[in-house]
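Listed below, chain by chain, are the residues.
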Amino acid sequence: MNSSVKTLVTVAGSIVGGLVAFVAITVLVTEGLEPYVWPSLLVGLPAGVVAGVAAAVLTFLGANYYEERGTETGVSRRTAVRLRAALGAIAGFVVGGGVGTAAFALWGGGLAGGMLFVGLPAGLVTAAVAGHVAVRFGGRRGETRQAVLQ
């Protein structure tokens with residue numbers, strides 16, 4: 001199969017994976033919070049969007065990583081760095097956004113307001129920092145910064 005068809009199949013699979021994650025998380029969070037939050041869809045939709053985007057990105061990068069792993073040359077530094085950055089950013093977003101949302105909700109604010117006005121900005125900032133840290137300090141010993149950026 002030629003490389004453009006492989007890329008198209010990988011992108012299509014990633015989009016489908018992202019949509020499945022979006023629907024699943026939106027429904028689960030909305031139904032789970034229905035007794036506690038009205039309207040719970042205000043919390044479920046942002047959670048579903050974040051999960052869908054994260055699933056699409058990880059599916060795409062994971063498929064590329066898996067495909068390169070089977071070649072003679074192994075996984076390229078570029079693919080490894082991208083996957084490492086994505087994993088770090090997603091972990092940072094979950095931790096920073098979760099802590100921000102929990103802090104706002106525990107100090108008397110609402111869950112939906114905390115998620116939108118505190119958790120989202122805090123998650124974005126910690127995602128950027130965690131992604132940078134994962135790329136900067138997650139490489140192999142002796143690997144120069146220039147080699148990572150290429």
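Residues numbered from 1 in each chain as written. Predicted model: local features only at pLDDT ≥ 70, side-chain atom pairs only at ≥ 80, totals over all residues. Heavy atoms only, no water.

- As annotated in an unreviewed UniProt entry, the chain carries the name DUF8147 domain-containing protein and comes from Natribaculum luteum.

## Description of the environment of Gly 13
Here comes step 1: Position of Gly 13 among the secondary structure elements: in helix α1 (residues 3-33).
Here comes step 2: Exposure remark for Gly 13: the relative accessible area of 36% places this residue in the partly exposed category.
Here comes step 3: Separated by 47 residues in sequence, Gly 13 and Phe 60 place their C-alpha atoms 7.8 Å apart. (Helix = DSSP H or I, 4+ residues; strand = E, 2+ residues; numbered from the N terminus. Buried < 20%, exposed > 50% of the residue type's maximum accessible area, 1.4 Å probe, protein only.)

## Points about the UniProt feature "domain: DUF8147" (unreviewed entry) in the chain
Here comes step 1: Mapped onto the present numbering, the UniProt feature "domain: DUF8147" (unreviewed entry) falls on residues 9-114.
Here comes step 2: When the span residues 9-114 is considered, its composition is 83% helix and 0% strand, and the gap between its end C-alpha atoms is 38 Å. (UniProt positions renumbered as here; feature names shortened; annotations may be inferred.)

## Structural notes on the packing of helix α2 (residues 41-69) against helix α4 (residues 111-137)
Here comes step 1: At a minimum axis separation of 9 Å, α2 and α4 run at an interaxial angle of 35°. The element α2 and its partner α4 pack so that their crossing is left-handed. Residues Leu 42, Val 43, Pro 46 and Ala 47 of α2 pack against Leu 111, Ala 112, Met 115 and Leu 116 of α4.
Here comes step 2: Class assignment for the residues of the contact of α2 with α4 results in eight nonpolar, no polar and no charged. (Axes fitted to C-alpha atoms, helices over the stretch in contact; angles between N-to-C directions. Left-handed = near helix turned anticlockwise from the far one by under 90°. Contact = heavy atoms within 4.5 Å. Nonpolar A, V, L, I, M, F, W, Y, C, P; charged D, E, K, R; others polar.)

## Side note on the nonpolar core
Here comes step 1: Core analysis: the largest hydrophobic core is formed by six residues, namely Leu 33, Val 37, Val 43, Ala 47, Ala 112 and Met 115.
Here comes step 2: At the level of secondary structure, the elements contributing two or more residues to this core comprise α2 and α4.
Here comes step 3: Ignoring sequence-local partners within four residues, the contact set of Leu 33 consists of Ser 40, Val 43 and Leu 111. (Core = buried A, V, L, I, M, F, W, Y, C linked by side-chain atoms within 4.5 Å.)

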